[in-house]
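Listed here are the chains, written in short residue letters.
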Amino acid sequence: RAVEIAANNDGIVFIRTSRPATPVIYNNDESFELGKLKVVKKSENDKLTVVGAGVTLHEAVKAYEKLQGEGINIRVVDLFSVKPVDREGLISNAKETNNTILTVEDHYYEGGIFEAVSSAVAGEDIKVHAVAVSGVARSGKGAELLDMFGLSGDKIAEKIKTL
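Quick caveat, the model's predicted, so the values are computed rather than measured.

Caption draft 1: Here's a closer look at the overall build of the protein. The secondary structure content of the protein amounts to 6 helices and 5 strands. When the helices and strands of the protein are read in sequence order from the N terminus, they spell out α-β-β-α-β-α-β-α-β-α-α. For 163 residues, the compact-globule estimate of 2.2 N^0.38 gives 15 Å, and the protein sits close to it at 15 Å. Its C-alpha atoms give the protein principal-axis dimensions of roughly 45 × 40 × 30 Å. Taking all 163 residues of the protein together, the buried fraction comes to 40%. Counting only contacts in the protein whose residues sit at least 6 apart along the sequence, the fraction spanning at least 24 positions is 74%. On the protein, roughly 9,400 Å² of surface is accessible, and the fraction owed to carbon and sulfur atoms is 49%. Between the mean site of the 20 positive side-chain charges and the mean site of the 24 negative ones, the protein shows a separation of 4 Å.

Caption draft 2: Local environment of unusual backbone geometry. Cis geometry marks the peptide bond from Lys 83 to Pro 84; its omega dihedral reads 5°. With respect to the helices and strands, Pro 84 occurs in the loop between strand E3 (75-78) and helix H3 (87-95). Despite not being glycine, Asn 99 shows a phi value in the positive range, around 55°. Along the chain, Asn 99 falls in the loop between H3 and strand E4 (100-108).

Caption draft 3: Inspection of a nonpolar patch on the surface at higher detail. On the surface, Val 3, Val 13 and Ile 15 cluster together into a nonpolar patch covering about 240 Å² of accessible area. Structurally, the position occupied by Ile 15 is in the loop between helix H1 (2-7) and strand E1 (38-41).

Caption draft 4: Structural detail: the sheet that holds strand E2 (residues 49-52). Reading across from one edge, E1-E3-E2-E4-E5 is the order of the 5 strands in this open sheet, with mixed pairing throughout. Taken across any chain shown, the strands that pair with only one partner, and hence form the sheet edges, are E1 and strand E5 (127-133). With direction set aside, neighbouring strand axes in the sheet form an average angle of 25°. Of the pairings in the sheet, the one linking E2 to E3 comprises 4 bridges and is parallel in character. Residue Gly 52 lies in a different strand from E3, and its bridge partner there is Asp 78. Taken strand by strand, helix H6 (residues 153-162) contacts E2, E4 and E5, and its axis lies near 145° from that of E4.

Basis of the calculations
Residues numbered from 1 in each chain as written. Predicted model: local features only at pLDDT ≥ 70, side-chain atom pairs only at ≥ 80, totals over all residues. Heavy atoms only, no water. Helix = DSSP H or I, 4+ residues; strand = E, 2+ residues; numbered from the N terminus. Rg over C-alpha atoms; globule rule 2.2 N^0.38 Å. Buried < 20%, exposed > 50% of the residue type's maximum accessible area, 1.4 Å probe, protein only. Contact = heavy atoms within 4.5 Å. Areas by Shrake-Rupley, 256 points an atom, 1.4 Å probe, with all protein chains shown as cover. Lys, Arg positive; Asp, Glu negative; His and termini not counted. Charge placed at Lys NZ, Arg CZ, Asp CG, Glu CD. Patch = residues over 30% accessible without salt bridge, like charges linked within 9 Å, V, L, I, M, F, W, Y side chains within 5 Å. Salt bridge = Lys/Arg side-chain N within 4 Å of Asp/Glu carboxyl O. Pairing = 2+ DSSP bridges. Axes fitted to C-alpha atoms, helices over the stretch in contact; angles between N-to-C directions.

Have a look at this one:
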């Protein structure tokens with residue numbers, strides 16, 4: 001769907017894809033809109049909103065499943081459109097989850113989802129925390145690298161427990 005949205009958009013578009021074999025989250029007929037996020041998992045009493053995209057969205061879903069087993073509810077949001085970012089969607093989801101957001105991204109802290117989300121909710125009394133690549137990137141097995149940088153489902157769940 002990203003290619004279709006890009007093709008129908010006037011202006012510059014960047015599409016980022018990943019190689020790992022990941023479960024399918026959406027049905028083929030799911031509709032997407034440029035500048036709008038998707039809520040993937042939610043309940044009535046979520047502790048916080050976890051924002052991911054691509055492989056980190058899948059890891060956030062794993063964290064959701066792990067925490068559900070421990071009686072901890074979180075909201076998981078797919079920020080498939082980073083620019084334009086869904087300011088209203090981010091704010092409304094954060095306000096429903098204790099004004100707290102955790103971004104998870106397989107990217108450095110600078111210039112990615114964390115900065116986009118922080119800018120979008122600035123001035124709204126919303127706390128934004130982040131897990132991102134914090135050191136020099138390197139080669140390795142995907143699962144090992146996600147774990148090393150705190151981006152695996154288990155590591156995300158551990159981080160959420162500290163917030």
